[in-house]
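Summary of structural features
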Number of protein chains: 2
Amino acid sequence: MHPIRIHEVGPRDGLQAEAAVVPTEVKLDWIRRVAEAGVDLVQVGSFVRGDRLPQMADTDDLFRILGKESHHALFSALVLNERGLERALEAGVPLLCMGVSASETHSRKNTGMGTEEATRRIIAIALAGKQAGRKVQVSVQSAFGCGFEGAIDETRVMGLAAAYLEAGLTSISLADTAGHAHPGQVHRYVRRVRELSPGAEVTAHIHDTYGLGMANVYAAVDAGAWAIETSFGGLGGCPFTRVAAGNVATEDLVHGLQRAGQRLDIDLSALVAVAKDVARHLGRDLPGRVYKTGPILAKDLA
Amino acid sequence: MHPIRIHEVGPRDGLQAEAAVVPTEVKLDWIRRVAEAGVDLVQVGSFVRGDRLPQMADTDDLFRILGKESHHALFSALVLNERGLERALEAGVPLLCMGVSASETHSRKNTGMGTEEATRRIIAIALAGKQAGRKVQVSVQSAFGCGFEGAIDETRVMGLAAAYLEAGLTSISLADTAGHAHPGQVHRYVRRVRELSPGAEVTAHIHDTYGLGMANVYAAVDAGAWAIETSFGGLGGCPFTRVAAGNVATEDLVHGLQRAGQRLDIDLSALVAVAKDVARHLGRDLPGRVYKTGPILAKDLA
């Protein structure tokens, strides 16, 4: 099994669902510590309108501060539209993440556009980002099923991935937005995108809604995924809805990888400390396990 | 992927850790409903001394009642020693489960005997059970690591499995007693036992201590396991200790399998209803997901 990259999305996908806004200084502390722990990529925020999503209103500020520092990790942000791209370029975001939903209903609810129109628009924004010298990751949202539509035709998902690849966008995230994925499906989809373009960097974005999260992550890794998007403590999903759930916990995945002798370069204790602080700050138990149990000691690594 | 069998161990591994004894009539209700839902095997209890583990004191009674009924499921019980075997034979248990820990320390703490002596004794009991016409499953406990010793030498685990096979005991459960397993390890161990004896029926008993439970289950299935031991609601592990955790939730696994078109013969709604009742009876939230979120509707199966 090749060593997998970790993309920490807690500061974005995790915190955007929180009722209370986390202060910029607190976010900075968590982001810096995750980056210093050796995580490869960290998603700092989202360029959405601050009045619509106050949790993400400090994204520009975060990048202006982090941009003056030296970090090994690559920082990313979500870009939703042309205005977001302008702000992200202005803020100096190194990795721009953006996506289109393979679900027509989800796409219309999120953007007012169907999948086809949204794809044209996002590809144009992505290419403008690349032209401006930034790295770009494009995603297929609701790739494994949709909370509104149910099953999503695999042909639609692969068609969207192919459209990205034809446009020269080779960093592709397959997002299980609703948590509908099962391991066989994740394995097949990751493999199929890699077959479309062997050089493609495929990322899996998995939500642990139905208890299959970690199994889906390992299926993606087995199929040759380039990175996994995880969140500290497994934070994410609106705590007030029936079925939303967070991503797989960053520290749980790193712990599992280290049990197999992989990613020993990452400071697991530092990640566990961050997850504990996130839980303490939010005042509730998070889904992650290892931050509660403590990791199996290094001497016990089999 | 071949269809996997489900061995529900909630009534034994789940309930034995509960502070309050669950009344026999309540257990019977849960066991009958799980069996009627189409689960293949159900572990009813354990033939341990009733004064030592009052939660299991009604195991003989349960079998006497269930033995008069007609069920598709095969009922099993844990047998720890010669006295337990006598009671199990007397009670008419169709499938006798027993095991030895691959961890010397764990074995001594549990039985007062080291692994070697315990192996001789358990093999003798197992053969006596077979001679009495019962099915027998033997397990390797702490197969993937030990809470006392840490890593357990793979050679010890395979040696124990080989000893079982040489004695003609071909139904073998690899038990992750402490929850230390990781997917690559589970895959390798299941495969290796199957290589020792291609006809062996290998079961995986997985605890979700560090968040890898479901990934470990899928690794076992991928490697050709014959059955997985799961518990309703993911019940299990002492709620008062730092690191114990339950098995993977039966209904979460069945839900995942059904997402892939497998085990559609099992009545998932019935399992979800049981898990809800278990949680209600115990008065607390259990680790299982699907009994809380509800399954993805059948129309949405991808």
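Residues numbered from 1 in each chain as written. Chains lettered and ligands numbered in written order. Predicted model: local features only at pLDDT ≥ 70, side-chain atom pairs only at ≥ 80, totals over all residues.

Section: the overall build of chain A
Looking only at helices and strands, chain A has 12 helices and eight strands in total. A globule of 302 residues ought to have a C-alpha radius of gyration of about 19 Å, and chain A, at 18 Å, matches this closely. By its C-alpha atoms, chain A is 50 × 40 × 40 Å across when sized along the principal axes. The buried share among the 302 residues of chain A stands at 54%. Taking contacts inside chain A between residues at least 6 apart in sequence as the whole, the part at least 24 apart equals 70%. (Helix = DSSP H or I, 4+ residues; strand = E, 2+ residues; numbered from the N terminus. Rg over C-alpha atoms; globule rule 2.2 N^0.38 Å. Buried ≥ 20, exposed ≤ 12 C-beta atoms within 10 Å, placed from the backbone. Contact = placed C-beta atoms within 7 Å.)

Details of the packing of helix H2 (residues 24-36) of chain B against helix H11 (residues 268-282) of chain B
What describes two packed helices is the angle between their axes and the distance between those same axes. Residue and element names in this part refer to chain B. Two elements in contact, H2 and H11, have axes separated by 9 Å at closest approach and are oriented at 160°. On the basis of their axis angle, the class for H2 and H11 is roughly antiparallel. Crossing of H2 over H11 shows left-handed handedness. Between H2 and H11, the contacting residues are Val26, Trp30, Arg33, Val34 and Glu36 on the first element and Ala270, Leu271, Val274, Asp277, Val278 and His281 on the second. Class assignment of the residues belonging to the contact of H2 with H11 gives a composition of seven nonpolar, one polar and three charged. (Axes fitted to C-alpha atoms, helices over the stretch in contact; angles between N-to-C directions. Parallel < 35°, antiparallel > 145°, perpendicular 65-115°, else oblique. Left-handed = near helix turned anticlockwise from the far one by under 90°. Nonpolar A, V, L, I, M, F, W, Y, C, P; charged D, E, K, R; others polar.)

Focus: the pairing of strand S8 (residues 227-230) of chain B
Residue and element names in this part refer to chain B. Every second residue of S8 is oriented toward a common face, with Ala227 and Glu229 on one face and Ile228 and Thr230 on the other, all of them buried. Bridge count between strand S1 (residues 5-8) and S8: four bridges; the pairing is parallel. Note on S8: the bridge partner recorded for Arg5 is Ala227. Note on the crossover from strand S7 (residues 201-206) through helix H9 (residues 213-222) to S8: the handedness is right-handed. (Pairing = 2+ DSSP bridges. Right-handed = clockwise from strand over helix to strand, strands pointing away.)

As for the sheet that holds strand S1 (residues 5-8) of chain A
In sheet architecture, strand pairing relies on hydrogen bonds along the backbone and comes in two forms, parallel and antiparallel. Residue and element names in this part refer to chain A. If you trace the eight strands once around the closed barrel, you get S1-S2-S3-S4-S5-S6-S7-S8, paired in parallel fashion. Strand after strand, the sheet turns through a mean of 30° between neighbouring axes, direction not considered. Lying on the sheet, helix H4 (residues 82-91) is in contact with strand S2 (41-47), strand S3 (74-79) and strand S4 (95-101); it crosses S3 at an angle near 155°. In this fold helix H6 (residues 115-131) packs onto S3, S4 and strand S5 (135-141), with an angle of close to 170° to the strand it touches most, S4.

Overview of helix H8 (residues 183-196) of chain B
Taking 1.5 Å per residue as the helical rise, H8(B) with its 14 residues ought to reach 20 Å, and the 20 Å between its terminal C-alpha atoms agrees with that figure. Residues of H8(B) that are buried: B:Pro183, B:Gly184, B:Gln185, B:Val186, B:His187, B:Tyr189, B:Val190 and B:Val193. (Expected span 1.5 Å × (residues − 1).)

So, unusual backbone geometry
Positive phi, close to 50°, is recorded for A:Arg263, a residue that is not glycine. Assignment of secondary structure puts A:Arg263 in the loop between helix H10 (250-259) and helix H11 (268-282). With a phi close to 50°, B:Ser142 is a non-glycine residue in the positive phi region. Residue position: B:Ser142 is located in the loop between strand S5 (135-141) and helix H7 (154-166).

Some points on the sheet that holds strand S2 (residues 41-47) of chain B
All names here are of chain B. The strand order around the closed barrel formed by eight strands is S1-S2-S3-S4-S5-S6-S7-S8, and the pairing between neighbours is parallel. Each strand of the sheet is rotated relative to its neighbour by a mean of 30°, with strand direction disregarded. Strand direction decides the pairing type here: strand S4 (residues 95-101) and S5, joined by seven bridges, are parallel. Counted as the bridge partner of Leu96 is Val136 from S5. Where helix H3 (residues 59-66) meets the sheet, its contacts fall on S2 and strand S3 (74-79), and the angle it forms with S2 comes to roughly 140°.

Some thoughts on the pairing of strand S6 (residues 171-176) of chain A
Where a strand is regular, its side chains alternate between the two sheet faces. All names here are of chain A. Among the six residues in S6, five count as buried, and that is most of the element. Alignment of S5 against S6, held across three bridges, turns out to be parallel. Within S6, the residue paired with Ser139 across the bridge is Ser173. With helix H7 (residues 154-166) bridging S5 and the parallel S6, this β-α-β connection has right-handed handedness. Sheet analysis places S6 next to strand S7 (residues 201-206), joined by six bridges and oriented parallel. Among the inter-strand pairings, Ala175 is bridged to a residue of S7, identified as His205. Handedness of the S6-helix H8 (residues 183-196)-S7 crossover: right-handed.

Details of H3(B)
Among all positions in H3(B), only B:Thr59, B:Leu62, B:Phe63 and B:Leu66 are buried. Seen from one end, H3(B) has its buried residues packed into an arc of 95°, which puts them on one side. (Arc of directions from axis to C-beta.)

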